[in-house]
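Structural features, examined
Single-letter residue listing:
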Amino acid sequence: MTDFAATKAMFDLPDGVIYLDGNSLGPLPKAAGDRVNDMMVKEWGQMLITGWNKAGWMALPTGLGDRIGRLVGAEPGTVVTGDTLSIKVYQAVASALELRPDRKVVLSDNGNFPSDLYMVDGLLRSLGPDYELRVVAPEEVAASITEDVAVLMLTEVDYRSGRMHDMKALTELAHANRVVTVWDLAHSAGAVPVDLSACNADFAVGCTYKYLNGGPGAPAFIYVAPRLADRARPALSGWLGHDAPFAFDLDYRPGSGIERMRVGTPPIIQMTALSAAMDIWDMANMTDVRAKSIELTELFISRLEATCPELELASPRDPNQRGSQVSFRFTEGYAAMQALIARGVIGDFRAPDIMRFGFTPLYIDEQDVERAAGIMADIMGNRLWDTPEYKVRQRVT
């Protein structure tokens, strides 16, 4: 069984703070600072460029990919880290489209993260006027998987409400219609059990700075199913995705398997911080994480609904239909969240009226939930949010 008391002790959490925003940026692993310092001083500082060989920097993208792969049900050698999530979305969708050259439609839903839609819209505009990004309501996705669709691109867990798509069922339906699937796991990896292999997913992407605690700007990852790994052409033909990057051929020749999905130079400092976080995740079993997450979210919902009638649950009530977050609607949600933060309970806000709270059992326990709910009840019951300073919108909400 996962020892959550042990994992909590491995995070650098500020005194007096209850951190319910790991769904946006995970907290700092205590070991990360020393790990990064050692890398910079002993490796970069002393080895200089020889660190690519001596310190194994070049192998970090796939090494970390396999460690992340364990958490998302990916076969060994099918996940690589590097670049940003937006870049990985572009890569995956572009490669998926080429697998269905007779079709021109990418299907998504309006619960998808806007950046994913922006990237695909830009890609399709570059490909020409015959291509279409078709966006429907989440509940209309299944009925919209028709024979003119080339790619189904969905975020498994809705970033606002936490509502979950049924990856297995939708992937099966997509394949029955010869549609290639691209799943965004930004709010899934480290939050809920994922089994890309069992679901027969084609492509998946995700980030590591949320539940995986890699830090701000931590690299993204991409998964390609083994049956497609040597067929998918990388639209971004980066030199590290070349079959022999240090041969410096002028003509691009894609590498084998997941290696071809590498693009630019890997961010070694960020990957070093991520490796410290993955040491903690290596201690965790996702079945245990999910069970504890449901306990914590159910407790939070019951406490807030009993004491804060002004709040409306925006997440699915059935815990099996939501990720590891809980969202509530409140007209003055931004101000209420600022009041909470001022009292040491950190969540975040998503327009127009969503207050989001993420629950990661690796560092959140029942006592944290009880305290957070009590503070929320005080703020709502005494209208402590209703002050001008809490209503001034900051750049990051």
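Attention in this report is confined to the structure presented alongside it. (Residues numbered from 1 in each chain as written. Predicted model: local features only at pLDDT ≥ 70, side-chain atom pairs only at ≥ 80, totals over all residues. Heavy atoms only, no water.)

**Quick notes on the sheet that holds strand β13 (residues 354–358)**
We apply this condition: Being paired, for any two strands, means DSSP has found at least two bridges between them. Strands here are runs of E lasting at least two residues and helices are runs of H or I lasting at least four, both read from the DSSP assignment and numbered beginning at the N terminus. Contacts are assigned to residue pairs with any non-hydrogen atoms lying within 4.5 Å of each other. Angles here are taken between N-to-C directions and fall from 0 to 180 degrees, while the axes themselves are lines fitted to C-alpha atoms, restricted in helices to the stretch in contact.
A sheet is described by the order of its strands in space; here 4 strands give the open sequence β9-β10-β13-β12, paired in antiparallel fashion. The open sheet terminates on both sides in strands that have one partner only, identified here as β9 (312–313) and β12 (348–350). Relative to strand β10 (residues 325–329), β9 runs antiparallel, the two being bridged by 2 bridges. If you follow L313 over to β10, its bridge partner there is F328. Along the sheet, helix α11 (residues 286–307) contacts β9, β10 and β13; its crossing angle with β10, the most-contacted strand, is approximately 20°.

**Focus on helix α10 (residues 268–281)**
Put simply, the rule reads: Helices are assigned an expected span. That span is 1.5 Å times one less than the residue count. We call a residue buried when its accessible area falls under 20% of the maximum for its residue type, exposed when it is over 50%, and partly exposed in between, using a 1.4 Å probe and counting protein chains only.
Helix length check: α10, at 14 residues, gives a terminal C-alpha distance of 19 Å against a target of 20 Å (1.5 Å per residue), a fit within 8%. Burial runs high along α10: 11 of the 14 residues are buried. Inspection of α10 places I268, M271, T272, A273, L274, S275, A276, A277, M278, I280 and W281 among the buried residues, and these make up the whole buried set. Structurally, α10 contributes buried residues whose contacts are with α1 (4–8), α2 (30–47), α3 (51–54), α4 (60–71), β2 (79–81) and α11.

**Quick look at the pattern of salt bridges**
Quick reminder of the rule: A pairing counts as a salt bridge when a side-chain nitrogen of Lys or Arg comes within 4 Å of a carboxyl oxygen of Asp or Glu.
Here the structure, examined in full by the defined rule, presents 32 salt bridges. Among the ionic pairs, R67 bridges to D282, the shortest N-O distance being 2.5 Å. Here R67 is found in helix α4, whereas its partner D282 is found in the loop between α10 and α11, with 215 residues between them in sequence. Classification of R67 as partly exposed rests on a relative accessible area of 22%. On the basis of relative accessible area, D282 is assigned to the partly exposed category, the value being 39%. R163 is the partner of D158 in a salt bridge, and the nearest nitrogen-oxygen pair spans 3.1 Å. The class for R163 is buried, based on a relative accessible area of 18%.

**Details of the packing of α4 against α10**
So the rule is basically this: Angle categories are assigned with fixed cut-offs, so that under 35 degrees is roughly parallel, over 145 is roughly antiparallel, 65 to 115 is roughly perpendicular, and the rest are oblique. Handedness of each helix crossing follows the sense of rotation of the near helix against the far helix: counterclockwise by less than a right angle gives left-handed, clockwise gives right-handed. Following the grouping adopted for this structure description, the nonpolar residues are Ala, Val, Leu, Ile, Met, Phe, Trp, Tyr, Cys and Pro, the charged ones are Asp, Glu, Lys and Arg, and the polar ones are all others, Gly among them.
Close contact between α4 and α10 brings their axes to 11 Å; oriented N to C, the two are set at 30°. Taken as axis vectors, α4 and α10 run roughly parallel relative to one another. For α4 against α10, the interelement crossing comes out left-handed. Across the interface between the two elements, L60, P61, L64, R67, I68, R70 and L71 of α4 pack against I268, M271, L274, S275, M278, D279 and W281 of α10. Here the contact of α4 with α10 is built from residues that sort into 10 nonpolar, 1 polar and 3 charged.

**Focus on the side chain of K210**
What counts, and what does not: For this count, His and the chain ends are skipped, Lys and Arg are scored as positive, and Asp and Glu as negative.
Structurally, K210 can be placed in the loop between β7 (203–206) and β8 (221–224). Buried within the structure, K210 lacks any salt-bridge partner; D348 is the closest side chain of opposite charge, at an N-O distance of 7.3 Å. Filtering out sequence-adjacent residues up to four positions away, K210 remains in contact with G22, N23, S24, L25, G26, A186 and H187.

**Observations concerning the state of the cysteines**
What counts is decided by this rule: Disulfide assignment relies on a single distance test, namely cysteine sulfur atoms paired within 2.5 Å.
Tallied over the entire structure, the rule returns 0 disulfides. As a non-bridged cysteine, C199 has C207 as the owner of its nearest cysteine sulfur, 19 Å distant. The class for C207 is buried, based on a relative accessible area of 2%.

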